[in-house]
Amino acid sequence: MEPIRNRAWEVRSAAIGSEEVAALATTLKIPEILARLLLLRGIDDAASARTFLEGNLSLLPDPSFMAGMEKAVSRLVKAIRNDEKILVHGDYDVDGISATALLVEFLDKLGAEVGYHIPLRLKDGYGLSAAAIDKAAAQNVSVVVSVDCGVTAVEEASVAAGYGIDLIITDHHQPPDVLPKAYAIINPHLPDCRFPDPNLAGVGVAFFLLVALRKALREDGFFDTACPEPDLRYSLDLVALGTIADIVPLIGVNLLLTKSGLKVLNSGKRIGVGALKAVAGINDIDAGSVGFKLGPRLNAAGRIEDAALGVRLLLSDDNDEAAEIAALLDDFNRERQNIEVKTLRQAEKGVAELSEERRTIVLADPEWHPGVIGIVASRLVERYYRPTFLLAIENGQAKGSGRSTRDIDLYQALQECSGHLKGYGGHAAAAGLSLDSNAIDHFSESFEQAVIRQQAEPDRPLVGYDGEVLIEELTAEAINELDRLSPFGMGNPSPQFVVRNVAVSGLKVVGDRHLKFTARQDAYTISCIAFGLAERQDELVGEVELLFVPELNHWKGRTEVQLRVRDFRRAAGSKG
């Protein structure tokens with residue numbers, strides 16, 4: 001199987017007229033390039049555009065629209081009033097870590113007796129842990145609140161009920177046909193849920209639980225005597241961390257939460273975030289630095305060691321402790337990177353032996369570390385554009401992580417393959433599973449057929465862009481205007497353009513895998529960086545077309561416009 005080299009470029013919408021763009025620009029008093037990008041994202045009226053650009057927290061939906069919310073809140077109010085022990089059970093990724101810290105911090109401010117548990121990836125596996133419930137029962141915990149997990153925990157819910165523990169599940173993963181018999185389940189994907197935006201991360205669901213809980217306590221007179229009312233705006237940094245890192249769509253409610261949360265992240269109020277910024281070498285935090293700098297370091301704790309370290313860091317109020325934990329996470333992240341590189345090389349050897357006709361990639365190896373196979377699966381999807389599962393094998397058991405292409409629903413495919421699996425869960429784009437190692441071949445063929453049923457013909461990777469521009473249009477002022485659409489992520493992609501008929505000069509390889517060069521169009525030049533494309537440098541001859549994200553590069557006190565090139569191809573008619 002060969003890597004995908006040619007990706008189709010497609011303008012996000014060709015049906016937007018210049019009059020429509022001009023009208024929106026005039027009404028909002030914004031540049032036409034910004035108006036066009038709003039229209040390309042389906043925002044076609046002034047009110048919606050103002051909400052997108054300037055929306056605030058007053059526009060958030062009422063948490064009571066979520067099924068199970070009233071019952072969950074009522075039980076928590078009772079637990080807080082009666083000094084009952086509460087356990088928050090999270091997950092070992094950034095979403096679960098930040099959601100756990102969010103609930104523990106808030107409940108602690110209320111004076112509740114609260115503890116937390118994060119499962120060990122290598123020992124406990126994904127999801128609600130029966131062992132943790134056993135331990136909670138021994139410690140006289142009466143309420144367990146799950147965050148970012150639990151909607152598939154049928155057996156574990158039964159264990160909790162057997163102990164007389166009231167289990168409140170908050171989750172955002174796809175619910176199965178048979179739900180756990182918990183005290184309450186809050187999940188925006190439940191059929192009876194009236195919440196208007198189902199795209200929340202686990203930390204987003206947890207945040208709305210706290211909004212509803214605070215309201216109930218306020219109406220109950222709790223804050224008149226027990227403690228000051230916590231301001232949840234200052235907890236939005238945790239919401240932004242988990243939402244961005246979990247790669248949920250940054251639109252609607254998530255966009256409102258993340259915009260406000262990034263401001264809190266940059267306020268410097270949370271000691272643990274400051275320590276993490278220091279080891280990551282960043283100053284200002286945006287969605288990109290969360291996704292590529294802060295998030296991986298928090299994730300590394302769960303991948304290599306114990307994700308509870310991430311919770312400790314986010315809750316720490318001690319500078320020395322925070323610096324020590326942040327340095328440890330930075331070390332874990334370097335170790336994770338080394339393991340990831342080794343695993344990717346091994347996986348690529350396995351892919352090379354697969355038929356070009358195959359629609360899927362399923363590989364397994366007893367040497368692979370379960371903490372990195374999800375990341376490596378993502379790399380393989382980028383490189384080969386096939387839905388991919390990688391499995392780590394130990395003692396006859398396999399645990400896998402999968403990533404998908406844009407047109408394949410991974411969770412649906414796993415439902416069709418469930419007869420071969422011991423457990424599974426996730427989303428359309430990412431999922432996890434467990435199975436006996438002797439069932440891997442059967443699962444591989446079943447998964448292949450499930451994907452074929454979803455996809456009549458092999459799909460070609462598609463790269464969307466927002467129109468064509470000239471180099472002379474790419475000024476610092478224009479790029480600052482584009483930044484008003486941020487934070488960028490899934491559902492709200494970074495503005496991406498095409499420039500045609502440019503000549504390349506000063507081409508050089510940097511850092512082994514990247515290209516740096518200058519693009520010239522008529523009398524105008526601009527600096528370019530193309531990450532991971534060094535192996536294609538021979539294609540940059542003659543006149544070429546570049547697909548890129550424009551950005552401002554700050555270096556040694558200077559700021560210049562730079563093109564982050566995502567793809568390139570020979571210009572039509574070029575003789576180079």
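See above for the structure.
Residues numbered from 1 in each chain as written. Predicted model: local features only at pLDDT ≥ 70, side-chain atom pairs only at ≥ 80, totals over all residues. Heavy atoms only, no water.

A. Just the packing of helix α12 (residues 271-280) against helix α15 (residues 319-352), in detail. In contact at an axis separation of 8 Å, α12 and α15 are set at 45 degrees when each is read in the N-to-C sense. Judged by the inter-axis angle, α12 sits oblique to α15. Pair α12 / α15 crosses with right-handed handedness. Where α12 approaches α15, its residues I271, G272, A275, L276 and V279 are matched on the opposing element by N319, A322, A323, A326, A327, L329 and D330. Its residues assigned to classes, the contact of α12 with α15 shows 9 nonpolar, 2 polar and 1 charged. (Axes fitted to C-alpha atoms, helices over the stretch in contact; angles between N-to-C directions. Helix = DSSP H or I, 4+ residues; strand = E, 2+ residues; numbered from the N terminus. Parallel < 35°, antiparallel > 145°, perpendicular 65-115°, else oblique. Left-handed = near helix turned anticlockwise from the far one by under 90°. Contact = heavy atoms within 4.5 Å. Nonpolar A, V, L, I, M, F, W, Y, C, P; charged D, E, K, R; others polar.)

B. Molecular detail of the environment of N299. With respect to the helices and strands, N299 occurs in helix α13 (residues 287-304). Look at N299 and you get buried, because its relative accessible area is 13%. Spatially, the C-alpha atoms of N299 and L257 are 21 Å apart, while their sequence positions differ by 42 residues. When near neighbours in sequence (up to four residues on either side) are disregarded, N299 contacts Y92, D93 and V94. (Buried < 20%, exposed > 50% of the residue type's maximum accessible area, 1.4 Å probe, protein only.)

C. How the structure looks around helix α3 (residues 46-54). Burial in α3 covers these residues: A49, F52 and L53. End-on view of α3: buried residues confined to an arc of 90 degrees, all on one side of the axis. Where α3 is buried, its residues meet α1 (18-28), α2 (32-40) and α11 (252-265). The backbone nitrogen of A47 has a side-chain oxygen 3.2 Å away, supplied by the residue at the start of α3, namely D45. (Arc of directions from axis to C-beta. Polar contact = N/O pair within 3.5 Å; in protein donor to acceptor, adjacent residues only side chain to side chain.)

D. Structural detail: the pairing of strand β14 (residues 514-521). With burial as the criterion, only one face of β14 is covered, namely that bearing L515, F517, A519 and Q521; the residues H514, K516, T518 and R520 on the opposite face remain uncovered. Pairing between strand β13 (residues 497-510) and β14: 6 bridges, direction antiparallel. If you follow V509 over to β14, its bridge partner there is L515. Joining the antiparallel neighbours β13 and β14 is a turn of 3 residues, in which G511 adopts a positive phi near 60 degrees. (Pairing = 2+ DSSP bridges.)

E. Fine view of the nonpolar core. Judged by nonpolar contacts, the single largest core of 102 residues is most densely connected at L110, F208 and L213. Ranked by residues supplied to this core, first place goes to helix α8 (residues 202-219) with 10 residues. If we ignore the near neighbours within four places in the chain, the residues touching L110 are I80, L213, L217, F222, F223, C227 and P230. (Core = buried A, V, L, I, M, F, W, Y, C linked by side-chain atoms within 4.5 Å.)

F. Geometry of the environment of Y234. Note that Y234 resides in the loop between α9 (222-225) and α10 (236-245). In the structure, Y234 is positioned 18 residues away from A216 in sequence and 20 Å away in space, judged by C-alpha atoms. The contact partners of Y234, leaving out residues within four places of it in the chain, are V264, K269 and R270.

G. Structural view of the pattern of salt bridges. Under the criterion given, the structure shown has 31 salt bridges. Here R334 makes a salt bridge to D331, at a shortest N to O gap of 2.6 Å. Remark: D331 and R334 occur in helix α15; sequence separation between them is 3 residues, near one turn of the helix. Here D331 falls in the partly exposed class, since its relative accessible area comes to 40%. (Salt bridge = Lys/Arg side-chain N within 4 Å of Asp/Glu carboxyl O.)

H. Inspection of α2 at higher detail. Listed in full, the buried residues belonging to α2 are L34, A35, L37, L38, L39 and L40. On the buried face of α2, the contacting elements are α1, α3, α19 (476-482) and β13. Count one or two residues on from α2 and you reach G42, which has phi positive near 80 degrees.

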